[in-house]
Structure formats: structure tokens, C-alpha cells
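Residue strings, one per chain:
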Amino acid sequence: MGYKYVDDIGRILTEQLDIVSVISSRVPLKRAGRNYKANCPFHQEKTPSFVVSPERQSYHCFGCGASGNAISFVMSYENLDFLSALESLAEKEGIDLTPYLNKEEFQRPKEELSGYYELNRRAARLFFEEFQKTPSAKEYLLSRGIAERTMRRFGIGYAPAGWDFLVNKLGKALPEDTAQKCGLFAFSEQGKMYDRFRERIIFPIFDVRKRVIGFGGRLMGEDPRAAKYLNSPDTPLFNKSFHLYGLHEAKNHLSPDRQILLVEGYMDVLGLHDKGVPQAVASLGTALTPEQGKLISRYAEEVVIIFDGDEAGQKATIRALEVFRTLPVRVIVVNLPPEDDPDSFVRREGAEGFREYLKQNAKASVEYIIDREAQKSDLQNMAGQQLFLSRVMPLIEQMDASEGRGLYIQKVADYIGVEPRVLTGDWKLRESASAPRASARSENRKYTRHLLGILISEPSIALQMIATPYYQYLSDNWHAFISYLLEHKGYNIQSAIEIFTLEQVEFFEEASKQELSRADMTHWRTLLRYFAQQGVMQQLEELRESSQKSDAQYAEMDRLKKKLSELIRERGRDHGKRQDY
Ligand SMILES: [Zn+2]
């Protein structure tokens, strides 16, 4: 990945662009109320289902599902990678990108970089040919259970013993400056050039565009003075904090849950890939850096940290958890049996066994930290218990009930042998009444989807709703949708686009695709009461917040409170009939 621009260049550019002008200069758009529509450029169609939202600066095709922002549109429409799309857009719209150039990269002419790519490619080729000629090197990987096709796939090579294999084949012909900077050679005090990698299995390191940017080398012989693993130093192409080994493969094999496994070493990535778990990446001989964490979060929704069971591995795990803490990615930790690493485990148990083990042993990050702190602490005495609590309770305090806070409190309580309520008192955890906000939100969303689904498939119910005493308490959004249904004699995406936001229409579409049984259809009254109650509570909240209340407002509040208790009573009866609402 070329870090030519600052990290959030995508966001910076989209803020300066107008998606309507970007798309309309390529595809004719028609105004449709608050949105625009067109025949989708990404699939064949006769009636337009491609919608562009100026409010959200995004597009969505309800036919083929294509969606994104101005940059992703240009990427798909013109078949460009991110960087080229960025530059083509900036050029057409007259936006100057120089202020956002990554300084280091800025000082480097483009041609020079392509020279380094070519040099690395040739070095990788030479190492690869040497590997094919060196049975002992190949034997080493075969003995670790790596099949030949995997070796080829990862371009495994071999750097022979001696000092001048690459010097003779490449180094001598290079300008001195290039030889100094490319990372393949080292220089003696007298200035004599020699091979940096000697008698090592070579793991070429690829960027996500599959270009060789550096090398890792594992010692073959027994030289106690030499490091077991050696990596390229930083070069104009390679900064080890910015790349991950195996990502160029892993990103092409993501499962629907977009999960990436983070392991410790080259051999783990290779071994897992070989046995059918191609989603693994490794940091390059360092603790995970924030840049590597970001890189993972760009491709994955969930990362599973599987480091070795020894103390170093556990420390690295804590460090990685710290890196991921603020990134938009779910984090899971799995401890392997102490005698194993991912490579040895998958060799013995196979891909199925490995996946099963992950499933059985997955710990959320907080659970992992609690277990680890418990092991480190002396929980037999009060001082140790207090220390343990001071380390884990602040983490739990930040959680919501929906994140399983109660379970973690229980777990901590079990460790020190007290009742959970002792802890909640001590640590002044937020009252549970205000805690389940996240779950209330998801409940609300579920019911909204259900009621929308009913109304979309049976619009005549809208008329019946209006006739109920609950209708007046519904929110403005519901009123807007119900009047729309009545006016247009039912829901249809073409008319909806003109009236609602793209986000709302997306939700309507989602709702319309639900499978509703005849029994589901009968629940509209129950749902209506639920939303009426929400509406009343909302109005009450607004009145409560206004600071100087008139008598009329007090009277209105009383009326709403009565209505609320009525609704709650009625919903209580609903509960008797049906468990769901
Ligand atoms: Zn489409």
C-alpha cells in the first residue's frame, strides 16, 4: 500500500466533492424529490433503481445492491484502485491534493520507487530459483508440513550461504545510492558490499497490491550468533510498522463475517494457509503497531488474536488489545494449548479442528483481561483482591448492559468469592435502569421493521390505524409514512425515493423483504400501542425539559402521564397474550 497521502485523505476529499456532480458527469441523473435516480450503471435494468442521496453523499442501487460514496463510485465505474480514483477525481474537480501528501513520500520521485519495486521483484525471483535448487531448504518446509503449492504461492526463496550471491547477480550493477537504500545489502566498515540475507529461507513480503516490498529470512544453519529471523530494514518501499505478512492473500479469502486471524509468525501464516485457513496475517517481527491495527480494521470486522501461550505471547496480546481498543473492529482472543502454536495445532487437528477450537475458546477482550489479571493476582488476600478489582472494574464500568456487563461482574465476583451486588455497590456502577440503552434501540428497530413490513404488504391497515386512539401519539416519522401510504395507495420504491431519505428507503426495503406469516400480520395493534407509548414518553420528556412551564403544559403533562399508564396497562394485557411484545 502506497502511503502517498495522509491517512484520512478519502474523507477529506469526499468532504470537498458533491456526489451528485461526480455521478451526473458520468451517468445522467434525474431529480426525484429529495434524491436523484438513474438506470443503474452496474447492472442491466429498464426502470431506475439506482438512487443518489445528496444529503448522505452516497448512492445505493436497490436492484444489484451497489452502494458507496463518490470515490467508490469512481473506483467501480472506471475500474480504478483507490489511489488512482482519488487522483482522477481531484484532477477533474480541480482539487489540489499536494497539501495532503505524505511528507516522506512527497520527496521521492515516482520513477525511483518503481525502480525499487523492480529490484525487489528480481531479488525475489533469484531467491525463488535458488530455493528450487536447494533440496535441504525445501526439505525444511516439507518437514514442517508445508506443501509445495503453498511455497510457490508465497514465493518462498532461499538465500545461499556466502557473502556475495546477490551482490554478484544484482548489487554490482546498481548505483551506489540504490544499493545502500534497497535493504538487500549491507556494508562493511571498509565500505565493502555484502549480502544481507545469507543461508536463510526467504519469505518475500508483499503489499496488498501483491508487489514485493521487503523480505523476511529464517536461519537455516546453526549459527548461535545470528538471529533466527531477520527482516529487511526500512527502505523507501518498506516500513515494517505499516504492513502485515499474508494480508495480500487473507484479504481475498474473507468469510461473510469478515474475520482476520492475527498470528505471530511467517510459519503460522503459511501453515494455516496450507491447511485451508487462509485468513491469517502476522506482524513483521514487531509488536502490533497502530498502523497495522488500522490496516486490519480496514479489511476486517472481526479480528481473532492467536498468539503463543508463553509470557511473551501474552504480553503481545495485551499490547494488541490496546491497539485495537479505539478501532472499529470486534476483537476476540484465543489461547492455544501451551505446547502449541497455530502452525503446529492446525497441522495436527486440521482446518475443521482448528476452527472448532477457535469457536470453543474464543474470549472477548475484557474476558481475556479478567482471566489474565486473576491469574497474575494473589486473590487469597484482600490486598490482592483490591488490586485485581482496580484493574478490571474500570473496564467493566465502561460497558453497557447489552455488552454483557452483568456476566462480567458475575465472573469477577466468582474469582474473589463474593456476591455480584457487593461489587456493584462498591464500584458505583451505573443504575441498570439507564444501562440497557443499546438493547432498547435494537428492540425499537426490530419492532419498526415489523410494523413497516405489515403496512407495506397490507396498506389498508393504515386506515384502521388512523381510526384508533393511539394514532395521534405516534411520532412524526410514522405519521409521514402512513400519510404517504394512503396518498400513494401503497408503498412503492419509485415514489418513496421522492419523499424519504435514502436511509429511510433502505430501511423500508429491508422491512419489505421480511417473511411475514398470517399470524405476524395480526400484531399491528400491539405494535401500534408500543409506538404510541414511545411517542407519549417522548412528548413527556420534551415537556419535562422545558424549563418554565405554563399551567397548560402542566395539564398536558398530567394528561400524558395518565395516557401512559393506560398504555402500559394495555400493553401488559398484550404481554399476557403474546410473549414477544
Ligand atoms: Zn444496480
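Small disclaimer: the values here were computed from a predicted structure and weren't measured.

Visitor: Which parts of the structure should I look at to understand the pattern of salt bridges?
Guide: If charged atoms from side chains of opposite charge come close, those side chains can pair. The full count for this structure, using the stated rule, is 31 salt bridges. Put simply, D371 and K411 hold a salt bridge, and the shortest N to O gap is 3.1 Å. Of the two residues, D371 sits in helix 16 (residues 365-376) while K411 sits in helix 18 (residues 405-416), which places them 40 residues apart along the sequence. What you see here is one network of salt bridges that share partners, running through K363, E367, D371 and K411.

Visitor: I keep staring at the coordination of the zinc ion and nothing clicks. Help me out?
Guide: Working reference: metal with six octahedral donors, ideal angles 90 or 180 degrees; metal with four tetrahedral donors, ideal angle 109.5 degrees. At this site the zinc ion is bound by C40 (SG), H43 (ND1), C61 (SG) and C64 (SG), with donor distances of 2.1 to 2.3 Å. Because the angles between the four donor atoms bound to the zinc ion fall within 102 to 119 degrees, the donor set is best described as tetrahedral. All donors of the zinc ion come from a single chain, and their spacing in sequence reads C-x2-H-x17-C-x2-C. By relative accessible area, which is 24% here, H43 ends up partly exposed.

Visitor: Got a minute to help me understand the nonpolar core in this structure?
Guide: The tendency in soluble globular proteins is for nonpolar side chains to be buried as a group. In this structure, L141, I156, L166, F185, F215, Y245 and F354 are the most contacted members of the largest nonpolar core, which totals 62 residues. Counting residues per element, this core draws most heavily on helix 6 (residues 110-132), which supplies nine residues. Two domains each provide a minimum of three residues to this core, namely domain 2 (110-238) and domain 3 (247-361). Other than its neighbours up to four places away in sequence, F185 contacts L166, V167, L170, G171, L174, A179, M193, Y194, D195 and R196. In terms of nonpolar packing, the next biggest core, distinct from the first, is built from 45 residues, A32, I454, Y473 and I493 among them.

Visitor: How should a nonpolar patch on the surface be read in this particular structure?
Guide: On the surface, L463, I466 and L486 cluster together to form a nonpolar patch covering roughly 240 Å² of accessible area. Relative to the helices and strands, L463 resides in helix 21 (residues 460-466). For L463, a relative accessible area of 55% corresponds to the exposed category.

Visitor: When you look at the sheet that holds strand 1 (residues 30-32) in this model, what are you seeing that I'm missing?
Guide: The strands making up a sheet are joined through hydrogen bonds of the backbone, oriented either antiparallel or parallel. Within the open sheet, the five strands sit side by side as 1-2-3-4-5. Their pairing is antiparallel. The open sheet terminates on both sides in strands that have one partner only, identified here as strand 1 and strand 5 (67-68). Across two bridges, strand 4 (residues 58-61) lies against strand 5 in antiparallel orientation. Following the sheet pairing, H60 is matched in strand 5 by S67. The strands that helix 24 (residues 502-512) touches are strand 2 (35-38), strand 3 (50-53) and strand 4; relative to strand 4, the one it contacts most, it runs at about 25 degrees.

Visitor: Even after reading the chapter, I still don't get the domain arrangement of the protein, so can you show me in this structure?
Guide: By a widely used convention, the size of an interface equals the accessible area lost when the partners come together. In terms of domains, the protein is made up of domain 1 (9-102), domain 2 (110-238), domain 3 (247-361), domain 4 (368-426) and domain 5 (437-577). Opposite the 15 residues of domain 1 that make contact, domain 5 presents 12 residues. Taken together, the two surfaces of domain 1 and domain 5 that pack against each other cover about 1200 Å², and 56% of this comes from carbon and sulfur. Among the residues of domain 1 in contact with domain 5, R34, R56 and F62 are the three that bury the most area, contributing 46% of the side total. Put simply, domain 1 and domain 5 have one salt bridge between them. Inspection of the region where domain 1 meets domain 5 yields eight residue pairs in polar contact (both at pLDDT 80 or more). Counting residues per element, the ones that place at least two in the side of domain 1 that touches domain 5 are strand 2, strand 3 and strand 4. Residue classes in the side of domain 1 that touches domain 5 are distributed as five nonpolar, six polar and four charged.

Visitor: Hey, could you run me through helix 13 (residues 290-299) in this one?
Guide: Q292, G293, L295, I296, S297 and Y299 are the residues of helix 13 that are buried. Looking at the buried residues of helix 13, the elements they touch are helix 11 (247-250), strand 12 (259-263), strand 13 (280-282), strand 14 (302-305) and helix 14 (311-324).

Visitor: Hey, could you run me through the packing of aromatic side chains in this one?
Guide: Two numbers describe a pair of aromatic rings. These are the distance of the centres and the angle of the planes. Using the criterion set out here, one finds 29 aromatic pairs in the structure. Taken together, a centroid distance of 6.4 Å and an interplanar angle of 40 degrees make the contact between F42 and Y59 tilted. Of this pair, F42 sits in the loop between strand 2 and strand 3 while Y59 is found in strand 4, placing the two residues 17 residues apart along the sequence. Accessibility expressed as a relative area gives 2% for Y59, which makes it buried. Both rings, one in F203 and one in Y266, keep their centres 4.9 Å apart while their planes meet at 10 degrees; by these two values the pair is stacked. With a gap of 63 residues between them, F203 in strand 9 (residues 200-206) and Y266 in helix 12 (residues 266-274) connect regions that are remote in the sequence. Each member of the aromatic cluster is reached from another via a ring pair, and the members are F42, F50, Y59, F73 and Y77.

Visitor: For this particular structure, what's the right way to read the pairing of strand 2?
Guide: For a regular strand, side chains alternate in direction, first toward one face of the sheet and then toward the other. Side chains N35 and K37 of strand 2 all project onto a buried face; the interleaved residues Y36 and A38 project onto the opposite face, where all are buried too. As paired elements, strand 1 and strand 2 share three bridges and run antiparallel to each other. Bridging across to strand 2, K30 finds its partner in K37.

Visitor: I'm lost on the packing of helix 14 against helix 16 in this one. Help?
Guide: When two helices pack together, you describe them by how their axes are tilted relative to each other and by the distance separating the axes. The interhelical angle for the contact between helix 14 and helix 16, taken along N-to-C directions, is 140 degrees, at an axis separation of 11 Å. Taken together, the axes of helix 14 and helix 16 lie oblique to each other. Seen from above, helix 14 lies across helix 16 with left-handed handedness. Contact residues: helix 14 offers E311, Q314, K315, T317, I318 and L321, while helix 16 offers S365, Y368, I369 and R372. Taken together, the residues that form the contact of helix 14 with helix 16 break down as four nonpolar, three polar and three charged.

About the criteria used
Residues numbered from 1 in each chain as written. Predicted model: local features only at pLDDT ≥ 70, side-chain atom pairs only at ≥ 80, totals over all residues. Heavy atoms only, no water. Salt bridge = Lys/Arg side-chain N within 4 Å of Asp/Glu carboxyl O. Helix = DSSP H or I, 4+ residues; strand = E, 2+ residues; numbered from the N terminus. Donors = N, O, S within 2.8 Å, 3.2 Å for Na, K, Ca; no water. Tetrahedral: all angles 85-135°; square planar, octahedral: opposite > 155°, others 65-115°. Buried < 20%, exposed > 50% of the residue type's maximum accessible area, 1.4 Å probe, protein only. Core = buried A, V, L, I, M, F, W, Y, C linked by side-chain atoms within 4.5 Å. Domains from an automatic or database assignment. Contact = heavy atoms within 4.5 Å. Patch = residues over 30% accessible without salt bridge, like charges linked within 9 Å, V, L, I, M, F, W, Y side chains within 5 Å. Areas by Shrake-Rupley, 256 points an atom, 1.4 Å probe, with all protein chains shown as cover. Pairing = 2+ DSSP bridges. Axes fitted to C-alpha atoms, helices over the stretch in contact; angles between N-to-C directions. Buried area = accessible area lost by both parts, 1.4 Å probe. Polar contact = N/O pair within 3.5 Å; in protein donor to acceptor, adjacent residues only side chain to side chain. Nonpolar A, V, L, I, M, F, W, Y, C, P; charged D, E, K, R; others polar. Phe/Tyr/Trp six-rings, centres within 6.5 Å; stacked < 30°, edge-to-face > 60°. Parallel < 35°, antiparallel > 145°, perpendicular 65-115°, else oblique. Left-handed = near helix turned anticlockwise from the far one by under 90°.

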